[in-house]
Amino acid sequence: MSPLAQLFALPVRAYRLIASPWVGHGCRFQPTCSAYALDALKHHGAIRGGWLTIRRIARCHPWGGEGFDPVPGGGDHHCDHRHGR
């Protein structure tokens, strides 16, 4: 992961550590948005990975989609094992 992508991943990691346990486990997508963000940053870098993450988060609303939505071209099609998903 590039240094800029690592910098972009810091708030995601902080969210997973601090806020995620309080928010609950009602994710609409698999993998979760935070796992998606980390995969996108890892495989596509800060700019494209950040854009993919923003697009994914924008789809996370009551009228948005749901289900399996992996990072395009990511290859790490895993679940968020930290939360048992």
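One structure accompanies this document, and this report is about it. Predicted model only: the values in this text are computed from it and were never measured.

Looking only at helices and strands, the protein has two helices and two strands in total. Reading the protein from its N terminus to its C terminus gives the helix and strand order α-β-α-β. Split into buried and exposed, the 85 residues of the protein put 34% on the buried side. As presented, the protein carries roughly 5300 Å² of accessible surface, and 66% of it is formed by carbon and sulfur atoms.

It is worth spelling out the pattern of salt bridges at this point. Here the structure, examined in full by the defined rule, presents three salt bridges. The partner of Arg 56 in a salt bridge is Asp 69, with the nearest N and O atoms 3.5 Å apart. Remark: Asp 69 occurs in the segment after β2 (67–68) and Arg 56 occurs in helix α2 (residues 33–58); sequence separation between them is 13 residues. With respect to burial, Arg 56 and Asp 69 carry one shared label: buried. We note a salt bridge from Asp 69 to Arg 59, for which the minimum N-O separation is 2.4 Å. Of the two residues, Asp 69 sits in the segment after β2 while Arg 59 sits in the loop between α2 and β2, which places them 10 residues apart along the sequence. Owing to a relative accessible area of 27%, Arg 59 belongs among the partly exposed residues under this scheme. Beyond isolated ion pairs, a larger network of salt bridges with shared partners links Arg 56, Arg 59 and Asp 69.

Conventions we followed
- In every chain, residue numbers begin from 1 and rise along the written sequence.
- With the structure being a predicted model, the display of local features is reserved for residues of pLDDT at least 70 and the display and counting of side-chain atom pairs for 80 or more, all residues being used for whole-chain, interface and lining totals.
- As a rule here, side-chain values come from all non-hydrogen atoms in the structure, and water together with hydrogens is ignored.
- Each helix is a run of DSSP H or I of at least 4 residues and each strand a run of E of at least 2, with the numbering of both proceeding from the N terminus.
- Here the term buried applies to any residue with accessible area under 20% of the maximum for its type, exposed to any over 50%, and partly exposed to those in between, with areas from a 1.4 Å probe on protein chains only.
- Only the protein chains shown count as cover for residues, with accessible areas throughout obtained via the Shrake-Rupley method and a probe of 1.4 Å.
- For this document, the term salt bridge refers to a Lys or Arg side-chain nitrogen within 4 Å of an Asp or Glu carboxyl oxygen.

Purely geometric stuff here, so don't read any function into it on its own.
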